[in-house]
Amino acid sequence: MRAYNFCAGPAALPTAVLEKAQQELLDWHGKGLSIMEMSHRSQDYVAVAEKAEADLRQLMNIPENYKVLFLQGGASLQFSAIPLNLLGKNPKADYLHTGIWSEKAQKEAQRYGDINVVEVGYQQDGLWAIRDQAEWALSDDAAYVHYADNETIGGLQFKYIPVTDKPLVSDFSSSILSAPLDVSKFGLIYAGAQKNIGPAGLTLVIVREDLLDQAKPEIPSLLRYAAQGKNGSMVNTPATYAWYLAGLVFEWLIEQGGVDAIHAINQQKAKMLYDFIDASDFYQNPIAPAYRSLMNVPFTLANSDLEKQFLKEAEANHLLNLAGHRSVGGMRASIYNAVPLEAIQALTDFMGDFASRHGNQI
Ligand SMILES: *Cc1c(COP(=O)(O)O)cnc(C)c1O
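Residues numbered from 1 in each chain as written. Predicted model: local features only at pLDDT ≥ 70, side-chain atom pairs only at ≥ 80, totals over all residues. Heavy atoms only, no water.

## Brief notes about the site of the ligand
Note the following rule: In these notes, residues near a molecule or strand are those with any non-hydrogen atom within 4 Å of it. Polar contact is defined as a pair of N or O atoms within 3.5 Å, subject to the rule that within protein one atom must be able to donate a hydrogen and the other to accept it, and that residues adjacent in sequence are counted only when both atoms are side-chain atoms. Where accessible areas are quoted, they stem from the Shrake-Rupley method and a 1.4 Å probe; at the residue level, only the protein chains shown are allowed to cover. What counts as a helix is a DSSP run of H or I of at least four residues, what counts as a strand is a run of E of at least two, and both are numbered from the N terminus. Side-chain classes are defined by residue name, with Ala, Val, Leu, Ile, Met, Phe, Trp, Tyr, Cys and Pro counting as nonpolar, Asp, Glu, Lys and Arg as charged, and the others, Gly among them, as polar.
Around the ligand lies a shell formed by G74, A75, S76, F79, W101, N150, T152, D171, S173, S174, Q194 and K195. In the model, an oxygen atom of the ligand is placed 2.6 Å from a nitrogen or oxygen of the S76 side chain. At a separation of 2.6 Å, a nitrogen atom of the ligand approaches a polar side-chain atom of D171. Relative to its unbound accessible surface of 390 Å², the ligand loses 87% to contact with the protein. Here the shell around the ligand takes four residues from helix α3 (residues 74-86), the largest share from any one element. Its residues placed into classes, the shell around the ligand shows three nonpolar, seven polar and two charged.

## Overview of the UniProt feature "binding site: L-glutamate" (unreviewed entry) in the protein chain
Note the cut-off: UniProt positions are given in the numbering used here, feature names are shortened, and annotations may be inferred rather than shown by experiment. Between buried and exposed lies partly exposed: a residue is buried under 20% and exposed over 50% of the maximum accessible area for its type, with that area taken using a 1.4 Å probe on protein chains only. Throughout, a residue-residue contact means that at least one pair of heavy atoms, one from each residue, lies within 4.5 Å.
Residues given the UniProt feature "binding site: L-glutamate" (unreviewed entry) here are R41. Secondary-structure assignment places R41 in the loop between α1 (15-24) and α2 (43-60). Residue R41 is classed as exposed on the basis of its relative accessible area of 52%. Setting aside chain neighbours within four positions, we find R41 in contact with V46, M234 and V235. A polar atom in the side chain of R41 sits 3.4 Å from the side chain of H40.

## Quick word on the packing of α1 against helix α6 (residues 240-255)
For clarity, the cut-off: Between N-to-C directions, angles cover 0 to 180 degrees, with each direction set by a line fitted to C-alpha atoms, over the stretch in contact for helices. Angles are sorted into four bins: roughly parallel if under 35 degrees, roughly antiparallel if over 145, roughly perpendicular if 65 to 115, and oblique for all others. In this scheme, a crossing is called left-handed if the near helix is turned counterclockwise away from the far one by less than a right angle; it is called right-handed if the turn is clockwise.
One way to put it is that α1 packs onto α6 with a least axis distance of 9 Å and a crossing angle of 130 degrees. By the angle between their directions, the pair α1 and α6 is classed as oblique. Remark: the crossing between α1 and α6 carries right-handed chirality. Side by side, α1 and α6 meet where A16, V17, K20, A21 and E24 of the first sit next to Y241, Y244, L245, L248, V249, E251 and W252 of the second. In terms of residue class, the contact of α1 with α6 is built from nine nonpolar, no polar and three charged.

## Let's talk about the packing of aromatic side chains
Condition: Working definition: rings of Phe, Tyr and Trp (its six-membered ring) pair if their centres are within 6.5 Å, and the pair is stacked with planes under 30 degrees apart, edge-to-face with planes over 60 apart, and tilted otherwise. Two conditions define a charge sitting above a ring: the NZ of Lys or the CZ of Arg must be within 6 Å of the ring centre, and it must be within 35 degrees of the ring normal.
Summed over the entire model, instances satisfying the criterion amount to 19 aromatic pairs. Three or more aromatic residues link up through ring pairs in this structure, and these residues are F276, F282, Y283, F299, F310, F350 and F354. In this structure, R131 packs its charged tip against the face of Y122, placed 4.3 Å from the ring centre.

## Observations regarding a nonpolar patch on the surface
Rules: Think of a patch as exposed residues, more than 30% relative accessible area, with no salt bridge, where like charges cluster within 9 Å and nonpolar side chains (Val, Leu, Ile, Met, Phe, Trp, Tyr) cluster within 5 Å. A pair is scored as a salt bridge if a Lys or Arg side-chain nitrogen falls within 4 Å of a carboxyl oxygen belonging to Asp or Glu.
On the surface, L25, L26 and M36 cluster together to form a nonpolar patch covering roughly 310 Å² of accessible area. For M36, a relative accessible area of 47% translates into the label partly exposed.

## Digging into the UniProt feature "domain: Aminotransferase class V" (unreviewed entry) in the protein chain
As annotated in UniProt, the feature "domain: Aminotransferase class V" (unreviewed entry) corresponds to residues 4-347 in the numbering used here. Between the C-alpha atoms that bound residues 4-347 the distance is 9 Å, and the span itself is 33% helix and 19% strand.

## Side note on the domain arrangement of the protein chain
The test is simple: Note that domain bounds follow an automatic or database assignment of domains. Simply put, the buried area is the total loss of 1.4 Å probe accessible area from both parts when two parts are fitted together.
Here the protein chain is described as being made up of domain 1 (16-255) and domain 2 (257-361). Using C-alpha coordinates to define each centre, domain 1 is positioned 27 Å away from domain 2. With 29 residues of domain 1 in contact, the opposing surface of domain 2 contributes 27 residues. Here domain 1 and domain 2 share an interface that buries about 2300 Å² over both sides, 57% of which is from carbon and sulfur atoms. Of all residues in domain 1, the largest losses of buried area upon contact with domain 2 belong to L127, I153 and S178, amounting jointly to 21% of the total for that side. The interface formed by domain 1 and domain 2 includes zero salt bridges. Scanning the region where domain 1 abuts domain 2 turns up 17 residue pairs in polar contact (both at pLDDT 80 or more). Where the side of domain 1 that touches domain 2 is concerned, the elements lending two or more residues are β6 (127-130), β9 (156-157) and α6.

So, in structure tokens, the structure goes:
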């Protein structure tokens, strides 16, 4: 039996996608071998890779003048690849700070450039929020402005695209494909695949072509977007199986009705969980309502001594991976595209039951 999986990443995948992969595993399309065992240069594999890109372009409505790259190394390697690719002509960049991931990106960028850190996350009446854009101290001459759309650990999310005349570079690791997005507003969007796209091992970069000539000369060729773009993300062997599986997820998303349709379900899921938490004296979410993440819902129990018990009972109820990030503790439910509405229903039923049995231990 498949349990409900609230893992932050690697995260739940649609059951239908795993079944299709299983069905094709030993003998892909009657070719007598697994897609994993195929040359990445073969006609069959290249067709799979190109179909995945075409489907993603359709889902996200990606304009023609953007390259879509299927890379390795995770979002964390992009923390270095981005400054190496974009700070070759102008060493300055603005980095908005909203939490742990945007800080990691900024720390890595500081090794390569002159980084202006803009503090935009702050506590408002004990809840985390994002300062209004009018208060941000952006520089006049940055090569780009970087931010993390969704702080996966903190559960703090932008509800709009920041406005700037500089190229906007954003980490969408945990929010890509969860809601409609105007790609044309960005210079670069990147995302590790293991949250909302597919298995670990694949990283997506969507980059506007006019930014491809700003790289530092010493950049490793595997990290150079221009080279990867020219070579169909195959400067060396790509993560072929993860790329194939991402393609199956894109097909599944199109079958669900695309990003608008999944967004409507995501909103229902998030509302159900946040409304439940808000109505309860036992659970609490630390984010101001206007900045709550659609995908990652951290929460605490009124009595933190009950956390181990909560996790144990949740697991016995087939509700998995609800522990918060090791750096912050508490609980966190990650409710990505592949997590169905029924999972949230089951989770809130369990949470209500747990609170009624332990409410007197506050
Ligand atoms: C998970 C995550 C990362 C790190 O991803 P890796 O692929 O493990 O490097 C970076 N940024 C955000 C917002 C994330 O959620």
